[in-house]
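What the coordinates show
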Amino acid sequence: EQVTEESFLKNMLYIRDVLKEVSHLGISAVVLKDPDEVIAQTLENWNIIFVDSRPIQDQVVALREILKLQIPAEKRKQLDYIDLRVEERAYYKYR
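Heads up: these notes are all about the structure in this document. (Residues numbered from 1 in each chain as written. Predicted model: local features only at pLDDT ≥ 70, side-chain atom pairs only at ≥ 80, totals over all residues. Heavy atoms only, no water.)

**What to know about the pattern of salt bridges**
One pass over the full model with this rule turns up four salt bridges. For Glu 37, the salt bridge identified is with Arg 85, shortest N-O distance 2.8 Å. Remark: Arg 85 occurs in the loop between β4 (79–83) and β5 (91–94) and Glu 37 occurs in strand β2 (residues 37–42); sequence separation between them is 48 residues. A relative accessible area of 36% places Arg 85 in the partly exposed class. Between Asp 83 and Arg 85 there is a salt bridge, with the nearest N and O atoms lying 2.4 Å from each other. Three or more residues joined by partner-sharing salt bridges are found here, namely Lys 33, Glu 37, Asp 83 and Arg 85. (Salt bridge = Lys/Arg side-chain N within 4 Å of Asp/Glu carboxyl O. Helix = DSSP H or I, 4+ residues; strand = E, 2+ residues; numbered from the N terminus. Buried < 20%, exposed > 50% of the residue type's maximum accessible area, 1.4 Å probe, protein only.)

This is the structure we're talking about:
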C-alpha cells in the first residue's frame, strides 16, 4: 500500500508540474474519487479526471493536445471538465 501512495503522490506532482509548465494551469485540489479515479480541480474552477490504471504520461499528452488544439485559453473558463479515463481519448464538457 505504501508503494501505491508514493506512486499516487509522484503522479500528482508530475501532473501539477506539467500543467504549470505547459498550460499555465494551477491545481487547487486533488480528490481521489474511486480507488482508480483522480479528479484535479484547476484554479480556473474546472476539473481534470485522470485514471490511475493507465500511464500518467499518456494522459498528460492527451490533455496537452486537447488544450492546444481544441480548447482555446479564452474558453477554458467555461469548461466543466476534461475526462482522460478512456485510452487515446479525451472528452470535455462546457458548463
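Having put the structure on the table, let's press on.
**Some details on the nonpolar core**
Phe 50, Leu 63, Leu 67 and Ile 82 are the most contacted members of the largest nonpolar core, which totals 20 residues. Mapped by element, the contributors of at least two residues to this core are α1 (2–23), β2, β3 (47–51), α2 (56–69) and β4. Top element by residues in this core is α2. It accounts for six residues. (Core = buried A, V, L, I, M, F, W, Y, C linked by side-chain atoms within 4.5 Å.)

**Overview of the sheet that holds strand β1 (residues 27–32)**
With respect to topology, five strands assemble into an open sheet ordered β1-β2-β3-β4-β5, the strand pairing being mixed. This sheet does not close on itself; its edge strands, each paired only once, are β1 and β5. Each adjacent strand pair in this sheet contributes to an overall mean axis angle of 15 degrees, direction not counted. With four bridges connecting them, β4 and β5 associate as antiparallel partners. Opposite Asp 83, over in β5, you have Tyr 91 as the bridge partner. Packing against the sheet, α2 makes contact with β3, β4 and β5, and its axis sits at approximately 150 degrees to β3. (Pairing = 2+ DSSP bridges. Axes fitted to C-alpha atoms, helices over the stretch in contact; angles between N-to-C directions. Contact = heavy atoms within 4.5 Å.)

**Quick notes on the environment of Leu 67**
Inspection of the secondary structure puts Leu 67 in helix α2. Each C-alpha atom of the pair Leu 67 and Ser 53 lies 22 Å from the other, and the pair is 14 residues apart in sequence.

**Description of the side chain of Gln 59**
On the secondary structure map, Gln 59 appears in helix α2. Accessibility expressed as a relative area gives 0% for Gln 59, which makes it buried. The contacts of Gln 59, once residues within four sequence positions are left out, are Phe 50, Val 51, Arg 54 and Leu 84.

**Quick look at the environment of Glu 65**
Inspection of the secondary structure assignment puts Glu 65 in helix α2. Along the chain, Glu 65 and Asp 17 lie 48 residues apart, while their C-alpha atoms are 16 Å from each other.

**Let's talk about α2**
Given 3.6 residues per helical turn, the α-helix brings residues three or four places apart onto the same face. The terminal C-alpha atoms of α2 lie 20 Å apart, and with 14 residues this matches the ideal 20 Å at 1.5 Å per residue to within 8%. Listed as buried for α2 are Ile 56, Gln 59, Val 60, Ala 62, Leu 63, Ile 66 and Leu 67. Down the axis of α2, the buried side of the element spans an arc of 160 degrees, and every buried residue falls inside it. Turned more than 90 degrees away from the buried face of α2, the exposed residues are Lys 68 and Leu 69. (Expected span 1.5 Å × (residues − 1). Arc of directions from axis to C-beta.)

Geometric descriptors of this kind do not, in isolation, establish any biological role.
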